[in-house]
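Okay, here's what each chain looks like letter by letter:
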Amino acid sequence: FFQRLLVASATHDATRAMASLRLLWRGCCTAPAGFAQPSRVWGKSSLRCGALGMKCGMTQAWQPDGKVVPLTIIEVQDVQVVQAKRVPTSEGEGLNLQLGSGWQKRKRLNRPDAGQFESRGLPLKRYLREFRVSEDAQLPVGTTICARHFVPGQFVDVQGTSKGKGFEGVMRRYGFAGQPRSHGHSLSHRSGGSLGGAAGSLYATRVMPGKKMPGRMGGKVRTAHSLLVYRVDAEHGLVYLKGTIPGGKGSLVRLKDATRKRMDTSGRGHHRLPPFPTWLPGDDETGGDVTEAPLARPL
């Protein structure tokens, strides 16, 4: 089975590769020792992997009542499972899935980095990120994560690196009001003022930790929680999210199911459940290649 899967992946035959994976999940093939066949049914403690995407920019959509919905476009292309890793946790041992995305030239990778892709018959990837998953959500190496991994109406968390602003003052960095513009402040209108000096020897004559002062602004990893999936364009691999996310155009972002909004796995919610553990060719394609969330209903 794995020889067929490696040959299909090396020849970039996605149809043959995904067909082999479906045979594995249906129990028609023998899985290696230690590999638990994933279930296609959501459980109470199920935790599936996320996806990697590229921020393409922003657009907007109009509701029937005339309201404007700001949308962020994320492209999910060529995301594959590279390996499954056992990592120590506070509860014993956990399972992480390492996903790869993007394209990379062979000359830009050293031998060990390129070997982990070539030994598994996978194309070279530019980015590698890990996601914690439950035991019933484990995926074989080579599984493709596409835009259908998410469904309109669900909520996701997006993590990215914010735009770097460089060295900024306190007025822009923290929103300070600045100093008076009239009397007694020549050429120091944008300064932060006193740093809280000591009153004699009774107090510490030093700058306290955490004092808001000028410094580097932006360029930090930030997470936008509970963003609504407004539209999924499976034909072009695009996911439309309601709201803004950190980072500039072309930056890498991590998408996963929202943690602050608990997903209704009973099937009685206003939107259909996302595919578990991911979408596979041959699964239900309700709505076609482009589906939207019913914003007219309360979310």
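For every chain, the first residue of its written sequence is number 1, and the numbers climb from 1 along that sequence. Since the coordinates come from a predicted model, pLDDT governs what is reported: local features require at least 70, and pairs of side-chain atoms require 80 or more to be given and counted, while whole-chain, interface and lining totals use all residues. Heavy atoms throughout the structure, all of them, feed into the side-chain values; hydrogens and water do not.

Visitor: Explain the environment of Leu273 to me, please; I cannot follow it from the model alone.
Guide: Among the structural elements, Leu273 can be located in the loop between β12 (252-257) and β13 (290-292). Along the chain, Leu273 and Val151 lie 122 residues apart, while their C-alpha atoms are 7.4 Å from each other. The secondary structure listing takes helices from DSSP runs of H or I that are at least 4 residues long and strands from runs of E that are at least 2 residues long, numbered from the N terminus.

Visitor: Is there a simple way to explain the environment of Val158 in this structure?
Guide: With respect to the helices and strands, Val158 occurs in strand β7 (residues 155-161). Buried residues are those whose accessible area, probed at 1.4 Å on protein chains only, stays under 20% of the maximum for their type, while exposed residues exceed 50% and partly exposed ones sit between those limits. With relative accessibility at 0%, the residue Val158 sits in the buried group. The sequence separation of Val158 and Leu255 amounts to 97 residues, and the corresponding C-alpha distance is 4.8 Å. Those residues in contact with Val158 that lie beyond four places of it in its chain are Ile74, Arg222, Thr223, Ala224, Leu227, Leu241, Ile245, Pro246, Val253, Arg254 and Leu255. Residue contacts are counted whenever heavy atoms from the two residues lie within 4.5 Å of one another.

Visitor: Can you help me understand helix α3 (residues 111-118) in this one?
Guide: Since the α-helix turns once every 3.6 residues, residues separated by three or four places project in the same direction. Of all the residues in α3, the buried ones are Ala114, Gln116 and Phe117. Projected onto a plane normal to the axis of α3, the buried residues spread over an arc of 150 degrees and lie on a single side. Exposed residues lying more than 90 degrees from the buried face of α3 are Arg111 and Pro112. Of the residues that open α3, the one with a side-chain oxygen 2.9 Å from the backbone nitrogen of Asp113 is Asn110. By construction, the arc corresponds to the directions joining the helix axis to the C-beta atoms. Whenever two N or O atoms come within 3.5 Å, that pair is a polar contact, provided that in protein one can donate a hydrogen and the other can accept it, and provided that, for residues adjacent in sequence, both atoms are side-chain atoms.

Visitor: Just to check I follow, could you spell out the nonpolar core for this structure?
Guide: Across soluble globular proteins, you tend to see nonpolar side chains buried next to one another. In this description, a nonpolar core means a group of buried Ala, Val, Leu, Ile, Met, Phe, Trp, Tyr and Cys residues linked to one another through side-chain atoms lying within 4.5 Å. Core analysis: the largest hydrophobic core is formed by 31 residues, its most contacted members being Cys49, Ile74, Val158 and Leu241. Mapped by element, the contributors of at least two residues to this core are β1 (51-62), β3 (79-89), β4 (92-101), β5 (127-133), β7, β10 (221-233), β11 (238-242) and β12. Ranked by the residues each element gives to this core, the list is headed by β10, at 4 residues. Beyond its immediate sequence surroundings of up to four residues, Cys49 is in contact with Leu97, Leu99, Phe131, Val133, Leu139, Ile145 and His149.

Visitor: Can you help me understand the pattern of salt bridges in this one?
Guide: Whenever Lys or Arg places a side-chain nitrogen within 4 Å of a carboxyl oxygen from Asp or Glu, that contact is recorded as a salt bridge. If you walk through the whole model with that rule in mind, you get 5 salt bridges. A salt bridge links Asp257 to Arg48; its shortest N-O distance comes to 2.8 Å. On the criterion of sequence distance, the pair formed by Asp257 in strand β12 and Arg48 in the loop between α2 (14-25) and β1 is long-range, its members being 209 residues apart. Accessibility classification places Asp257 together with Arg48 in one group, the buried group. Between Lys85 and Glu130 there is a salt bridge, and its shortest N-O distance comes to 2.6 Å. Residue Lys85 is located in strand β3, and its partner Glu130 is located in strand β5; the two are separated by 45 residues in the primary sequence. Classification of Glu130 as partly exposed rests on a relative accessible area of 27%.

Visitor: Would you mind going over unusual backbone geometry with me for this structure?
Guide: Of all residues except glycine, most have a negative phi; of all peptide bonds, most are trans. In this structure, Pro277 follows Phe276 across a cis peptide bond, with omega equal to -5 degrees. On the secondary structure map, Pro277 appears in the loop between β12 and β13. Its identity is not glycine, yet Ser226 carries a phi of approximately 55 degrees, on the positive side.

Visitor: What's the story with the sheet that holds β4 in this structure? I'm lost.
Guide: Each strand in a sheet pairs with its neighbour through backbone hydrogen bonds, running either in the same direction (parallel) or in the opposite one (antiparallel). Overall, antiparallel pairing links the 4 strands, which are arranged β5-β4-β3-β6 in an open sheet. Two strands lie at the open edges of the sheet, namely β5 and β6 (144-145), each paired on one side alone. The pairing criterion for strands is at least two bridges between them, as found by DSSP. For β3 and β4, the ladder comprises 9 bridges, and the chain directions are antiparallel. Residue Arg86 lies in a different strand from β4, and its bridge partner there is Leu95.

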